[in-house]
Amino acid sequence: MSGWLDGYVTLITGGGSGVGRAVAERFVAEGANVAILGRDRDKLDEVVGACPDQFRMLAIEADVRDSDQMHAAVAETVSHFGKLDTLVANAGIWDYQRQLTRLNGKELSDTFDELFSINVKGYFLAAEAAWRELVKTRGSIVMTLSNASFYVNGGGPVYTASKHACLGLMRELAYELAPKVRVNGVACGGMNTDLRGPESLSLHERSLAASFAKRSSDAPPPPIPLHDSSTDPRDFTGSYVLLASREQSGPITGQAISVDGGIGVRGFATAAGGDHL
Ligand SMILES: NC(=O)c1ccc[n+]([C@@H]2O[C@H](COP(=O)([O-])OP(=O)(O)OC[C@H]3O[C@@H](n4cnc5c(N)ncnc54)[C@H](O)[C@@H]3O)[C@@H](O)[C@H]2O)c1
């Protein structure tokens, strides 16, 4: 059976866990060869080891904040798999909804520098390192965006601003790289992943998965229309496949697909109007 990404070569930042890993595994299942890039060699090796087609995955240890390392990662991907069709810019951290009023000036400054250098500069540097190869293949970039790219309270102000910045970057690059390279985004809602916080707030060991684990079964559902929808990152990967595929989305660029349970169509009295159905 052929997949939607047969013969594609993809580089995924933050591919060692969470939605990056889920996208990597889905892309392999769709026929692609995939390089996964991250800071943690053990995590990356574990993902490659778990892949039924190990020769179709490549682990690259690198930090998205370092331009030389990003150029080396693109070069390694191309030398290993022969080309690059898709860059998935995805590596990121969260701010655990730390409000402005709960940060002093130094904490704010340090958190901003750390979080923006991963979430925003990391996407810039990945795109800069990859665009020449993507022009050759008429490839594309797919960025992991967030409900926080559009709405408040999906993070604190630092995270929300970073994800709004990524939305702007996606749109600007869609213009600048057209017509050769398409640039789109997947704006994910809440997913049960290993998402970490900034080291500057000593939140780098905290994992979002722990918060999901603590949630009791009688807790109120999230205030979104599809409040019983999955939070498994594997269920968020379809839009990445669609946007990466030239055949399926050749005329689409500069767009974000929201995969967030319908945050934009909430009601006033209740989030979902059809709970009686
Ligand atoms: N989990 C959610 O609820 C949620 C919702 C919307 C958007 N997102 C976004 O999804 C993306 C992936 O996060 P996730 O939820 O899968 O969490 P995750 O922690 O499982 O994945 C993020 C990956 O990025 C890597 N990473 C972090 N800093 C790095 C750096 N400097 N260099 C290289 N790699 C680095 C981490 O090691 C990790 O493997 C992020 O951009 C996040 O903002 C997550």
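That block above? That's the structure.
Residues numbered from 1 in each chain as written. Predicted model: local features only at pLDDT ≥ 70, side-chain atom pairs only at ≥ 80, totals over all residues. Heavy atoms only, no water.

What follows deals with the site of the ligand. Around the ligand, the structure places 29 residues, and the nearest of them are Ser17, Asn90, Tyr159, Met191 and Thr193. Between the ligand and glycine 18 there is a distance of 3.3 Å, counted from an oxygen atom to a backbone nitrogen or oxygen. Within the side chain of aspartate 63, one N or O atom sits 3.0 Å away from a nitrogen atom of the ligand. If the ligand stood free it would expose 820 Å²; the protein chains cover 95% of that surface. Looking at the shell around the ligand, the elements that each hand over two or more residues are α1 (18–29), α4 (105–137), β5 (140–146) and α5 (157–177). Counting residues per element, the shell around the ligand draws most heavily on β5, at 3 residues. Each residue belonging to the shell around the ligand can be placed in one class, and the counts come to 12 nonpolar, 11 polar and 6 charged. (Near = heavy atom within 4 Å. Polar contact = N/O pair within 3.5 Å; in protein donor to acceptor, adjacent residues only side chain to side chain. Areas by Shrake-Rupley, 256 points an atom, 1.4 Å probe, with all protein chains shown as cover. Helix = DSSP H or I, 4+ residues; strand = E, 2+ residues; numbered from the N terminus. Nonpolar A, V, L, I, M, F, W, Y, C, P; charged D, E, K, R; others polar.)

Moving on, we come to the packing of helix α3 (residues 67–81) against α4. Two elements in contact, α3 and α4, have axes separated by 8 Å at closest approach and are oriented at 35 degrees. Pair α3 / α4 crosses with right-handed handedness. Seen from α3, the contacting residues are Ser67, Met70, His71, Val74 and Val78; seen from α4, they are Leu125, Ala126, Glu128, Ala129, Ala130, Arg132 and Glu133. Partitioning the contact of α3 with α4 into residue classes produces 7 nonpolar, 2 polar and 3 charged. (Axes fitted to C-alpha atoms, helices over the stretch in contact; angles between N-to-C directions. Left-handed = near helix turned anticlockwise from the far one by under 90°. Contact = heavy atoms within 4.5 Å.)

With that out of the way, let us pick up the pattern of salt bridges. Evaluation of the coordinates by the stated rule reveals 16 salt bridges. Between arginine 56 and aspartate 53 there is a salt bridge, and its shortest N-O distance comes to 3.1 Å. A salt bridge links aspartate 194 to arginine 196; its shortest N-O distance comes to 3.1 Å. Residue classification places aspartate 194 among the partly exposed residues on the basis of a relative accessible area of 23%. Look at the salt bridges and you will find they share partners, linking Lys43, Asp194, Arg196 and Glu205 into a network. (Salt bridge = Lys/Arg side-chain N within 4 Å of Asp/Glu carboxyl O. Buried < 20%, exposed > 50% of the residue type's maximum accessible area, 1.4 Å probe, protein only.)

A separate point is α3. For α3, built from 15 residues, the straight-helix expectation of 21 Å at 1.5 Å per residue is met to within 8% by its first-to-last C-alpha distance of 21 Å. Looking only at α3, the buried set comprises Met70, Ala73, Val74, Thr77, Val78 and Phe81. Mapping the buried residues of α3 onto a view down its axis gives an arc of 125 degrees, with all of them on the same face. α3 presents Asp68 and Ser79 as exposed residues on the side facing more than 90 degrees away from its buried surface. Along its buried surface, α3 packs onto β1 (9–13), β2 (33–38), β3 (57–61) and α4. You can read the cap of α3 off the contacts: a side-chain oxygen lies 2.9 Å from the backbone nitrogen of aspartate 68, and it is on aspartate 66. (Expected span 1.5 Å × (residues − 1). Arc of directions from axis to C-beta.)

A cis amide bond, omega 5 degrees, links alanine 178 with the succeeding residue proline 179. For tyrosine 96, which is not glycine, the phi dihedral falls at a positive 50 degrees. Structurally, the position occupied by tyrosine 96 is in the loop between β4 (86–89) and α4. In this structure, arginine 138 is a non-glycine residue whose phi angle is positive, near 50 degrees. You can see arginine 138 is positioned in the loop between α4 and β5. The exposure class of arginine 138 is partly exposed, given its relative accessible area of 43%.

Turning our eyes to something else, we now look at the side chain of serine 239. Tracing the backbone through its elements, the reader meets serine 239 in helix α7 (residues 238–244). Judged by its relative accessible area of 14%, serine 239 falls in the buried class. Sequence-distant contacts of serine 239, defined by excluding residues within four places in its chain, comprise Val186, Ile257 and Val259.

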